[in-house]
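Fold and contact review
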Amino acid sequence: LQTRAMPVLDFASPDYLGLAKHFQVLGALQDLAARQGMQAGQYSREHTRLEAELAQWLGFAAARSYQSLAQARLAVQQAMLREEDDLCLHDHLNGQSLIQATHLTGCRLRHYPHRDAEGAAWQLRQSPRGLALLVSEGLFQADGQLAPLRTLSLVAERHQAHLLVADVHAIGVCGEEGGGSLELTGLPASAVSALVISLEHAFGLQGAVVLSSQALIQRLEQVGGMHEHPRPPTAIAGAALVSLTLARRDGWRRQRLLELSQHLQQRL
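Notes on the structure in this doc start here. None of the values given here were measured: they were computed from a predicted structure.

1. Observations concerning the packing of aromatic side chains
- This structure, assessed with the given rule, holds zero aromatic pairs.
- For R64, the ring lying beneath its charged end belongs to Y66, and the centroid distance is 4.5 Å.

2. What to know about the environment of L29
- In this structure, L29 sits in helix α1 (residues 23-36).
- Taking the C-alpha atoms as reference, L29 lies 8.8 Å from T234; in sequence the two are 205 residues apart.
- When sequence neighbours within four positions are dropped, the list of residues in contact with L29 reads A235, I236 and A239.

3. Some details on a nonpolar patch on the surface
- There is a patch of nonpolar side chains on the surface, built from L9, F11, L264 and L268 and spanning about 410 Å² of accessible area.
- Mapping L264 onto the fold places it in helix α10 (residues 251-267).
- On the basis of relative accessible area, L264 is assigned to the partly exposed category, the value being 30%.

4. A few points about the pairing of strand β2 (residues 87-91)
- Within β2, five of the five residues are buried, which leaves it mostly tucked inside the rest of the structure.
- With five bridges joining them, β2 and strand β3 (residues 108-112) adopt parallel strand pairing. Residue L89 lies in a different strand from β3, and its bridge partner there is R110.
- In this fold, β2 hands off to helix α4 (residues 96-105), which returns the chain to β3; that crossover is right-handed.

5. A word on the packing of helix α3 (residues 69-80) against α4
- Closest axis-to-axis distance for the α3/α4 pair is 9 Å, and the angle between their directions is 40 degrees. Taken as axis vectors, α3 and α4 run oblique relative to one another. Of the two elements, α3 crosses α4, and the hand of that crossing is right-handed. Residues R73, L74, Q77 and Q78 of α3 form the contact with α4, whose own contacting residues are S97, L98, A101, T102, L104 and T105.
- Its residues assigned to classes, the contact of α3 with α4 comprises four nonpolar, five polar and one charged.

6. What to know about the pattern of salt bridges
- Inspection of the entire model under this criterion finds ten salt bridges.
- The partner of R45 in a salt bridge is E46, with the nearest N and O atoms 3.9 Å apart.
- Overall, the relative accessible area of 11% leaves E46 in the buried class.
- Close ionic contact of R231 with E221 constitutes a salt bridge, the shortest N to O distance being 2.4 Å. Residue R231 is located in the loop between α8 (214-227) and α9 (234-249), and its partner E221 is located in helix α8; the two are separated by ten residues in the primary sequence.
- For R231, a relative accessible area of 7% translates into the label buried.

Cut-offs and rules
Residues numbered from 1 in each chain as written. Predicted model: local features only at pLDDT ≥ 70, side-chain atom pairs only at ≥ 80, totals over all residues. Heavy atoms only, no water. Phe/Tyr/Trp six-rings, centres within 6.5 Å; stacked < 30°, edge-to-face > 60°. Lys NZ or Arg CZ within 6 Å of the ring centre and 35° of its normal. Helix = DSSP H or I, 4+ residues; strand = E, 2+ residues; numbered from the N terminus. Contact = heavy atoms within 4.5 Å. Patch = residues over 30% accessible without salt bridge, like charges linked within 9 Å, V, L, I, M, F, W, Y side chains within 5 Å. Areas by Shrake-Rupley, 256 points an atom, 1.4 Å probe, with all protein chains shown as cover. Salt bridge = Lys/Arg side-chain N within 4 Å of Asp/Glu carboxyl O. Buried < 20%, exposed > 50% of the residue type's maximum accessible area, 1.4 Å probe, protein only. Pairing = 2+ DSSP bridges. Right-handed = clockwise from strand over helix to strand, strands pointing away. Axes fitted to C-alpha atoms, helices over the stretch in contact; angles between N-to-C directions. Parallel < 35°, antiparallel > 145°, perpendicular 65-115°, else oblique. Left-handed = near helix turned anticlockwise from the far one by under 90°. Nonpolar A, V, L, I, M, F, W, Y, C, P; charged D, E, K, R; others polar.

Written out as structure tokens, the structure reads:
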């Protein structure tokens, strides 16, 4: 059987900006892996630099990196939700791994209608006991819509709740510099208790980072020691520094992604 080679467009890959095979990213990864191996958990100069650069870029006081996105989602909720009476309130279309992490904390779990800030406020009014954590994706994987983060932040402030934003799919993609849903909605970092971002999509690597206040990051270090949440290998952290630079600098990558998205919508 003879076939003719044809160019294709890949709409299924999580490598949003095409950095997973970039020669500079792979070069940094290979160099550090050859010198230091791929063991996770060891804290290095590369981790310090990556966490500091991400915190400065996104406007947070501090950051903590993790080997996987699931570990980051679990660790931040373990650090913030400590009592059975604490409430974790999720958008109805949040990803299952976010919700599963809440189940593992043992606190109370409730949902509010998708992108409905007033529905979230109603739930908070019904649950006056304990600490309340309002959780939303920044850009929803389920339907591609942005969360109403500015309104959610006002709801959280009004009801003395904390706001956790999981910005897995918008970081590196949305905003002029790829600052994600916070940049796109104009919400300052000070209005968010914690932000979880992924290194697995726009940056083409593996792992995740939680950004927050110094106090919460210190608490995350304690939780990480108790529950064995390691940092990614040093080689990943070093490669992520390169990928971060490329993602912020190369605005044409975001423009190309937008063009492909519009092309797919038109053809469908």
